[in-house]
Amino acid sequence: MVLETQARPAGAHASAHDHAPQSFLRRYVFSLDHKVIGLQYILTAMFMALIGGGLSALIRYQVAWPEKAVVSPETYLSVVTMHGTIMVFFVVSLALVSGFGNFLIPLQIGARDMAYPLLNALSYWTIVPGCLLMILAFFVEGGAAAAGWTAYPPLSALAEAVPGSGLGQTLWLLAMALFIASFTMGGLNYITTILNCRAKGMGLLRMPLSVWMFFVSAILGVLAFPPLTAAALMLLGDRHLGTSFFLPGGMVFGEEVLAHEGGTPLLFQHLFWFLGHPEVYVIVLPAIGIAFDVIATYARRPPFGYRMSVWATLLIAFLSMIVWGHHMYVSGMNPLVGEYFSIATVSITAPFSILGVNLLASLWRGKIRFTTAMVFALGIISVIGLGGLGGLYLGTSTSDIYFHDSYFVVGHFHLMIGVVTLMGTYAACYHWFPKMFGRAMNERLGYLHFALTYVPMMAVFVLMHYQGLSGMLRRYYDHSIYDFQTVGRELSKPISYWAFAAFAGQFVFLANFLWSALRGRKVGSNPWEATSMEWNTESPAPHGNFGAADPVAVRGPYDYAPEGSSKEYAPQWTQ
Amino acid sequence: MDAMTSTLAPRTSRRSAETMLVAFLATIVMLFAGFTSAFLIRRTGSDWQPVELPRLAYANTLVLAAASVLLELARRRASPGAARAALALGLIFLGGQVQVWRMLSAGGMFLSDTPEGAFFFLLSAVHGLHLVGGVGALVWLIARARAPRLVAAYWHFLGLVWLYVLLLLHFQ
């Protein structure tokens, strides 16, 4: 990665792209083209989403009908753990950040590919064995990891703690190591590409907001993942080499006192959440950036407050790295430290509200075209409003101590990192599908898909807030044996019905995606009459992205209804 | 592999390599920041006992410093001899670190024995792994008869990281 790159004659620049690789393997499997790699990420994430979504259906079945005991208590913990891990890292991060990030960044900044195409391919081929190891974990002795997606010790540190703490947890750690390696390679490549490979005229403040958000998200990822790597190495030491970084003395297993001494599990929690919290923004920010692009295109207006949004995003990124403690208010913390984390956390509301209000204000006086991509983007605005509202109660230690580990938390974070990111991914998919396949997705099926996503998911996660208010706790295998959870349980079955509907609705998308890729309506280079650079090339975008001449940006990315012109919009690449 | 750079004009290519290096170094800084915070918390544990490092650990440091000086010579004067000598010193450093591990384990301070020993093993191993990458990059450059530029910067940086690790473990 740090090798110096070889100086090449200037002519090599364009000519290297005259000949796309011809063999099937080089073109579609071991491709170095960022568009193919992006699509590979997206398809991999779709496959993993079937597993992660299937697990969520299993969770909902167990919670609503505990008497049927569809899984054993040990397996239930594994199912919850793997659902969280797969969804956060192997679905949302993969599809949205690695997938669409790869596909969009070079196209939108007018580059011919990533700065380091080989590194890019390497990063994809690192995640493939990661996915396989995650899946393999279900079939080993003791089953998959069961320590939660947060992998707190001692459950994750002692191989004998619960069945899933054995080989399953080891495979989990290996798969995560591969994920971190892949994601870091991707992030380094994004940063390098955005800073150095922009087209002529493409100043930083002429980049679309989606690229800005991918950029900030890459910086966050590159800075926040290494401390988790450090924690994972120490955890491996505790598991396999007899060290005591996270394990305190006096722990008893069976009749035997364990040899560990002096460590503290709290240390792991700090290191984990130092990544865990920024990771939220790593995946949420790109979804919001995509919403800005999509809303500008279909509202036929430049987004409100472009510069303000950029500064707000940078501020959010900074704040997101110093608020991790709000996940740990009940873990044992000096009240003064808790006070600090409360104030810092709630202060994120200010820049985040700026983004939300800017999205909303971008619709003002717009001539809105209600395409599927647009309704998904509009959905995002409502979900970040509602999800953010719940966040206020969880960011403040006073109320969080009551809500901690309740379904209120489950509802809140699913709205933010589940529904917002998923709808961002879908908005991107409907909007940029023409650039991938030269065809548009079916709009009727798209509307159906939106209805079957937005309505059921809102029902599920908003109702979960009420369950949490009533004191119903998460991660329980069978709530029916506790009297105090009777009230909350009344909502369990309705929530499960809505969850099944949401899961089923995603198959509409899958069918639409596959059908449209092969048989969808053929469209030209700029079917949405959009202005940013990626629409300045054929659909699907060819190898090398742009024709023989390098693209030049002559204005900002959102010149809709330009002043002093009779035109309805002025693309970034035309004089 | 030509594909690494095929899309970039020479100037962009040089700038990109610099950006990539700086961003990569930032990940290393954050990695060691994670270890540092763990160290500062862990040393308040009831079982903490300081570990006396063998003198060889300090001698190794001088070897690594000398390697940096030679690489700087190789960079400024494009001297292949200096680059080869730096490579040799880097390998001697890595061998010396393994020797330090042996001495510590023989003295009853292996990974599982004392917490500070565990930190020494962990930090020196992670540092060593990064240096192995640096050695690989240097071999690659020497084989292509090219002067180390960014690789030299990477080695200097790893030298500083090593000094930082020693200071962290020494001044508690």
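All residue numbers refer to positions counted from 1 along the written sequence of the respective chain. Throughout, the order in which chains and ligands are written sets their labels, letters from A for the former and numbers from 1 for the latter. Reporting of local features is limited, given that this is a predicted model, to residues whose pLDDT is at least 70; pairs of side-chain atoms are given and counted only at 80 or more, and all residues count toward the totals for whole chains, interfaces and linings.

**Considerations on the overall build of chain B**
Per the convention used, a helix needs a DSSP run of H or I reaching at least four residues, while a strand needs a run of E reaching at least two, with both numbered from the N terminus. Within chain B, the secondary structure is distributed over 5 helices and 0 strands. Along its sequence from the N terminus, chain B presents helices and strands in the succession α-α-α-α-α. Dimensions along the principal axes, computed over C-alpha positions, put chain B at roughly 60 × 30 × 25 Å. A burial count over chain B gives 40% of its 172 residues as buried. Here the contacts in chain B between residues at least 6 apart in sequence split such that 74% fall between residues at least 24 apart. Here exposure depends only on C-beta density: within 10 Å of a residue's C-beta, 20 or more other C-beta atoms make it buried, 12 or fewer make it exposed, and intermediate numbers make it partly exposed, the C-beta atoms being placed from the backbone. Contact definition: two residues whose C-beta atoms, as placed from backbone geometry, lie within 7 Å.

**Regarding the overall build of chain A**
A tally of helices and strands in chain A yields 17 helices and 4 strands. In summary, chain A has a C-alpha radius of gyration of 24 Å against a globular reference of 25 Å for 575 residues, a match within 12%. Each principal axis of the C-alpha atoms in chain A carries an extent, and together these give about 80 × 50 × 50 Å. Counting every position in chain A, which comprises 575 residues, the buried fraction comes to 56%. Within chain A, counting contacts between residues at least 6 apart in sequence, those at least 24 apart form 80% of the total. Just to be clear, the radius of gyration here is over C-alpha atoms, and the globule rule we use is 2.2 Å times residues to the power 0.38.

**Quick notes on the environment of Thr12 of chain B**
With respect to the helices and strands, the residue Thr12 of chain B is situated in helix α1 (residues 10-42). Assessed through the 18 C-beta atoms surrounding it within 10 Å, Thr12 of chain B is described here as partly exposed.

**Focus on the nonpolar core**
Ala291 and Ala427 of chain A are the most contacted members of the largest nonpolar core, which has 230 residues in total. Here Ala427 of chain A is in contact with Ile290, Ala291, Val294, Ala373, Phe376 and Ala377 of chain A, once residues within four sequence places are set aside. For this analysis, nonpolar core means a set of buried Ala, Val, Leu, Ile, Met, Phe, Trp, Tyr and Cys residues linked through C-beta atoms within 7 Å.

**Brief notes about the confidence of the model for chain A**
For every residue, the predictor states its confidence as a pLDDT score lying anywhere from 0 to 100. Taken as a whole, chain A shows an average pLDDT of 93; of its residues, 97% reach a score of 70 or greater. Segment residues 1-18 of chain A is flagged for pLDDT under 50; beyond a separation of four residues in sequence, or across chains, it makes 36 contacts in the model.

**Considering helix α10 (residues 335-347) of chain A**
Residues and elements named next belong to chain A. The span you would expect from a helix comes to 1.5 Å times its residue count less one. If you check α10, its first and last C-alpha atoms are 18 Å apart, about what 13 residues at 1.5 Å a residue would give, namely 18 Å. Buried within α10 we find Gly338, Phe341, Ser342 and Thr345. Looking down the long axis of α10, one finds its buried residues gathered within 105° of arc, a one-sided arrangement. As used here, the arc belongs to the directions running from the helix axis to the C-beta atoms.

**As for the interface of chain A and chain B**
Listed per partner, the contact involves 46 residues of chain A and 46 residues of chain B. Elements with a contribution of two residues or more to the side of chain A that touches chain B: α5 (117-136), α6 (167-196), α7 (209-241) and α8 (265-299) of chain A. For this classification, Asp, Glu, Lys and Arg are treated as charged, while Ala, Val, Leu, Ile, Met, Phe, Trp, Tyr, Cys and Pro are nonpolar and the rest, including Gly, are polar. Per-class residue counts for the side of chain A that touches chain B are 27 nonpolar, 14 polar and 5 charged.

**A look at the packing of helix α2 (residues 55-77) of chain B against helix α3 (residues 80-106) of chain B**
Residues and elements named next belong to chain B. In the contact formed by α2 and α3, the axes pass within 8 Å of each other and the chain directions differ by 165°. With respect to α3, the element α2 is oriented roughly antiparallel. In terms of crossing hand, the pair formed by α2 and α3 is left-handed. Split by residue class, the contact of α2 with α3 holds 19 nonpolar, 5 polar and no charged. Only the stretch in contact is used when a helix axis is fitted, and all axes are lines through C-alpha atoms; the angle between N-to-C directions ranges over 0 to 180 degrees. Here the word oblique covers every angle except those under 35 degrees (roughly parallel), over 145 (roughly antiparallel) and from 65 to 115 (roughly perpendicular). Note on convention: the crossing is left-handed when the near helix lies turned anticlockwise from the far helix by less than a right angle, right-handed when the turn is clockwise.

**Details of unusual backbone geometry**
Residues and elements named next belong to chain A. Omega for the bond connecting Pro153 with Pro154 falls within 30 degrees of zero, at 5°, which places this linkage in the cis form. On the secondary structure map, Pro154 appears in the loop between α5 and α6. Here Ser539 and Pro540 are connected by a cis peptide whose omega angle stands at -10°. Topologically, Pro540 is positioned in the segment after β4 (521-522). If you check the backbone angles, Ala69 has positive phi at about 45° while not being a glycine. Inspection of the secondary structure puts Ala69 in the loop between α3 (34-64) and α4 (73-109). For Ala69, a count of 12 C-beta atoms within 10 Å translates into the label exposed. Of note, Glu529 is a non-glycine position whose phi angle comes to about 55°, a positive value. Counting through the fold element by element, Glu529 comes out in the segment after β4.

**Regarding the packing of α7 of chain A against α8 of chain A**
Residue and element names in this part refer to chain A. In the contact formed by α7 and α8, the axes pass within 8 Å of each other and the chain directions differ by 165°. Between α7 and α8, the interaxial angle falls into the category roughly antiparallel. At the point where α7 passes α8, the crossing takes the left-handed sense.

**What to know about the environment of Gly186 of chain A**
All names here are of chain A. The topology assignment puts Gly186 in helix α6. Owing to 29 C-beta atoms within 10 Å, Gly186 belongs among the buried residues under this scheme. Sequence separation between Gly186 and Ala517 is 331 residues; the distance between their C-alpha atoms is 26 Å. Beyond its immediate sequence surroundings of up to four residues, Gly186 is in contact with Ser98 and Ser123.

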